[in-house]
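# Overview (structure and organization)
What follows is each chain in one-letter form.
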Amino acid sequence: MPRLTDARKELRRAQITEAAVRCFGRNGLDRTSIADITAESGLSAGSIYSHYRNKAELVQASAREVLAQRAKVLGEYAASDTPPDPDELLARLIAAIDPAAGRVGVQTWGEATTDPAIRDIVVDMTDRMRALLHDCVTAWLVKVEHHEPAEAREHATPIAHRVAALYQAELLYTALQSPTEETAS
């Protein structure tokens, strides 16, 4: 059997993680089996186990993937010549919420209360998300509002905290919607 290249391995891991996010979003973390992920991804169980030791590792990878998607977008906003103001930033983040990914995020938060490995990921994700939001708001204050960088960093802290809190509230609200409510929106 030919060995997979590193690039091919990453593509396969992404395929598995995306399938897992869809399954976790649809069925929940506890009710999703490796068989469900196998069926969703179109891969064999052996292929999944060659990339992830167990379902817990897949939950961790899925949580990281959801954050990585948001991190990429926030980095692009902060690097732009005219970063969005906090209201626009929040509106863009909310508009980009995928209901299945939102359900995975909220379920992961719940698991974090009892699973130390998941808790570490959620704390890291939350800290990184806050830092990215802070960077984005700081960039807006400097580039658009023409604040001095030190002053902008200080002023950005409470603004970024509010944006994060409102985003998380909207993520929870979206996660609580039933699939029929999603299609009606």
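This text gives an overview of the structure that appears in the document. (Residues numbered from 1 in each chain as written. Predicted model: local features only at pLDDT ≥ 70, side-chain atom pairs only at ≥ 80, totals over all residues. Heavy atoms only, no water.)

Here the focus is the overall build of the chain. Along the chain, the regular secondary structure elements total 9 helices and 0 strands. In the chain, the succession of helices and strands from N to C terminus is α-α-α-α-α-α-α-α-α. Taken along the three principal axes of its C-alpha coordinates, the chain extends 60 × 40 × 35 Å. Put simply, the chain has 185 residues, and 42% of those count as buried. Of all intrachain contacts in the chain linking residues separated by at least 6 positions in sequence, the fraction that spans at least 24 positions is 67%. (Helix = DSSP H or I, 4+ residues; strand = E, 2+ residues; numbered from the N terminus. Buried < 20%, exposed > 50% of the residue type's maximum accessible area, 1.4 Å probe, protein only. Contact = heavy atoms within 4.5 Å.)

Okay, the packing of helix 1 (residues 6–27) against helix 4 (residues 55–79) next. In the contact formed by helix 1 and helix 4, the axes pass within 9 Å of each other and the chain directions differ by 95°. Taken together, helix 1 and helix 4 sit at an angle that is classed as roughly perpendicular. Seen from helix 1, the contacting residues are Ile-16, Thr-17, Ala-20, Val-21 and Phe-24; seen from helix 4, they are Lys-55, Leu-58, Val-59, Ala-61, Ser-62, Glu-65 and Val-66. Taken together, the residues that form the contact of helix 1 with helix 4 break down as 8 nonpolar, 2 polar and 2 charged. (Axes fitted to C-alpha atoms, helices over the stretch in contact; angles between N-to-C directions. Parallel < 35°, antiparallel > 145°, perpendicular 65-115°, else oblique. Nonpolar A, V, L, I, M, F, W, Y, C, P; charged D, E, K, R; others polar.)

Following the criterion strictly, the structure yields 6 salt bridges and no others. Glu-76 is the salt-bridge partner of Lys-72, the closest N and O atoms lying 4.0 Å from each other. Of this pair, Lys-72 and Glu-76 both sit in helix 4, 4 residues apart, which is roughly one turn of that helix. Among the residues examined, Lys-72 registers a relative accessible area of 59% and is labelled exposed. Owing to a relative accessible area of 46%, Glu-76 belongs among the partly exposed residues under this scheme. In this structure, Arg-92 engages Glu-88 in a salt bridge whose closest nitrogen and oxygen atoms are separated by 3.0 Å. Of the two residues, Arg-92 and Glu-88 are both situated in helix 5 (residues 86–95); the distance of 4 residues between them amounts to about one turn of the helix. (Salt bridge = Lys/Arg side-chain N within 4 Å of Asp/Glu carboxyl O.)

Okay, the environment of Gly-42 next. Relative to the elements of secondary structure, Gly-42 occurs in the loop between helix 2 (34–41) and helix 3 (45–51). You can call Gly-42 exposed: its relative accessible area is 65%. For Gly-42 and Ile-16, which are 26 residues apart along the polypeptide, the C-alpha to C-alpha distance reads 9.0 Å.

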